[in-house]
Amino acid sequence: MPLAVITFVLAAIFSIASTAVLSNANVFSGTIVVLVIILIALFFDIIGVAATASSEAPFHAIASKGMKGAKFSVWLTKNADRVNTFCTDVIGDAAAIISGTAASVVVVELMALLVYNKSGVAEYIISVIVTSCVAAFTVFVKALGKGFAIKNATKIIYRVGYVMYFTEDHLHIPILKLLDKKEKKEGKERKNRQRGTCDKSWMYRQ
């Protein structure tokens, strides 16, 4: 449920931003918006894959030396499943929806430029070509991104951890405390559900 809410909020933000940019867009600016959305999805996809591919040991060693951002890197690696879900699924799905909307604007503008007799066949062909190009480019850059993330997982996660440290230190946002508080709350909820299941199974045995 929380992921669905986060996805809804992010999709709404992306949609509002892209609609504002695309309201007076042409083919060039529409294409730029599509590329920016794909690159945002790629950026988060790299973080998600790197979190899954990295291990905690190097970051514990870095943390013992007192290097800034190390404890955030440890958290990212320890919670790799949550990080991967948020980055690749939540952000990825939201970006896919918005890139489709932006691509439709590019189709309309291409129709206005290239087709004088706006028939349904011409619109269909242009739509298929644009959509296929967007999908092919997205898959291609994500495949490259995954390989890059796996090879450089430790460096990527440390840099993300440093950005989190920098944000917390300069903007005074307790990122790690909020994340740990949420994690403890979810852990308590899981324990309560497990306890309830055990109690019910005991009743059935009686």
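This section reports on the structure supplied with the text.

## Brief notes about the overall build of the protein chain
Right, so step 1: The number of helices and strands found in the protein chain is eight helices and zero strands.
Right, so step 2: The buried share among the 206 residues of the protein chain stands at 34%.
Right, so step 3: Counting only contacts in the protein chain whose residues sit at least 6 apart along the sequence, the fraction spanning at least 24 positions is 75%.
Right, so step 4: If you sum the accessible surface of the protein chain, you get close to 13,200 Å²; carbon and sulfur atoms cover 67% of it.

## A closer look at the environment of K142
Right, so step 1: Relative to the assigned elements, K142 resides in helix α6 (residues 120–151).
Right, so step 2: Along the primary structure K142 and F43 are separated by 99 residues, whereas in three dimensions their C-alpha atoms are 9.1 Å apart.
Right, so step 3: Once residues within four sequence positions are removed from consideration, K142 is found in contact with A41, L42, D45 and G92.

## Quick look at the packing of helix α3 (residues 57–64) against helix α7 (residues 153–171)
The description of two packed helices rests on the angle between their axes and on the distance between the axes.
Right, so step 1: Contact pair α3 / α7: the axes reach a minimum separation of 10 Å and the direction vectors enclose 45°. The angle between the axes of α3 and α7 places the two elements in the oblique class. For the pair α3 and α7, the crossing hand works out as right-handed. Listed contacts from α7 to P58, F59 and I62 of α3 are T154, I157 and Y158.
Right, so step 2: Tallied by class, residues from the contact of α3 with α7 come to five nonpolar, one polar and no charged.

## Overview of the nonpolar core
Right, so step 1: Formed by 44 residues in total, the largest nonpolar core has its most connected members in L76, V83 and V130.
Right, so step 2: Sorting the residues of this core by element identifies α2 (27–53), α3, α4 (70–78), α5 (80–114), α6, α7 and α8 (175–205) as the ones contributing at least two each.
Right, so step 3: Broken down by element, the residue count for this core peaks at 12 residues, all from α2.
Right, so step 4: If we skip the residues at most four places from it in the chain, V83 touches I47, G48, A51, W75 and L76.

## Some thoughts on the environment of I16
Right, so step 1: With respect to the helices and strands, the residue I16 is situated in helix α1 (residues 2–22).
Right, so step 2: A residue is classified by how much of its surface remains accessible, and I16, at 63% relative accessible area, is exposed.
Right, so step 3: Sequence separation between I16 and I98 is 82 residues; the distance between their C-alpha atoms is 9.7 Å.

## Observations regarding α5
Every α-helix carries 3.6 residues per turn, so stepping three or four residues along brings you back to the same face.
Right, so step 1: Taking 1.5 Å of rise per residue, the 35 residues of α5 would be expected to cover 51 Å, and the 47 Å separating its terminal C-alpha atoms lies within 8% of that figure.
Right, so step 2: Of all the bends found along α5, the most pronounced is centred on G92 and spans about 30°.

## Some points on the packing of aromatic side chains
Right, so step 1: Under the defined criterion, the tally for this structure stands at two aromatic pairs.
Right, so step 2: Geometrically, the ring pair formed by F43 and F44 is edge-to-face, given 5.4 Å between the ring centres and 85° between the ring planes.
Right, so step 3: Consider the rings of Y162 and Y165, whose centres lie 5.8 Å apart with planes at 50°: the pair is tilted. Taken as a pair, Y162 and Y165 lie in helix α7 at a separation of three residues, close to a single helical turn.
Right, so step 4: Its relative accessible area of 18% is what places Y165 among the buried residues.

## So, the environment of L76
Right, so step 1: By secondary structure assignment, the location of L76 is in helix α4.
Right, so step 2: On the accessibility criterion, L76 (5% relative accessible area) is buried.
Right, so step 3: Separated by 84 residues in the primary sequence, L76 and V160 have C-alpha atoms spaced 8.8 Å apart.
Right, so step 4: Excluding residues within four positions of it along the chain, L76 makes contact with A51, V83, I157, V160, G161 and M164.

## Digging into the pattern of salt bridges
Right, so step 1: For the coordinates displayed, the defined rule picks out one salt bridge.
Right, so step 2: We note a salt bridge from K146 to D45, for which the minimum N-O separation is 3.0 Å. Pair noted here: K146 is in helix α6 and D45 is in helix α2, with a separation of 101 residues, a long-range link.
Right, so step 3: Judged by its relative accessible area of 37%, K146 is partly exposed.
Right, so step 4: Assessed through its relative accessible area of 3%, D45 is described here as buried.

Analysis parameters
- Residues numbered from 1 in each chain as written.
- Predicted model: local features only at pLDDT ≥ 70, side-chain atom pairs only at ≥ 80, totals over all residues.
- Heavy atoms only, no water.
- Helix = DSSP H or I, 4+ residues; strand = E, 2+ residues; numbered from the N terminus.
- Buried < 20%, exposed > 50% of the residue type's maximum accessible area, 1.4 Å probe, protein only.
- Contact = heavy atoms within 4.5 Å.
- Areas by Shrake-Rupley, 256 points an atom, 1.4 Å probe, with all protein chains shown as cover.
- Axes fitted to C-alpha atoms, helices over the stretch in contact; angles between N-to-C directions.
- Parallel < 35°, antiparallel > 145°, perpendicular 65-115°, else oblique.
- Left-handed = near helix turned anticlockwise from the far one by under 90°.
- Nonpolar A, V, L, I, M, F, W, Y, C, P; charged D, E, K, R; others polar.
- Core = buried A, V, L, I, M, F, W, Y, C linked by side-chain atoms within 4.5 Å.
- Expected span 1.5 Å × (residues − 1).
- Bend = angle between axes of the 7 residues up to and from the residue.
- Phe/Tyr/Trp six-rings, centres within 6.5 Å; stacked < 30°, edge-to-face > 60°.
- Salt bridge = Lys/Arg side-chain N within 4 Å of Asp/Glu carboxyl O.

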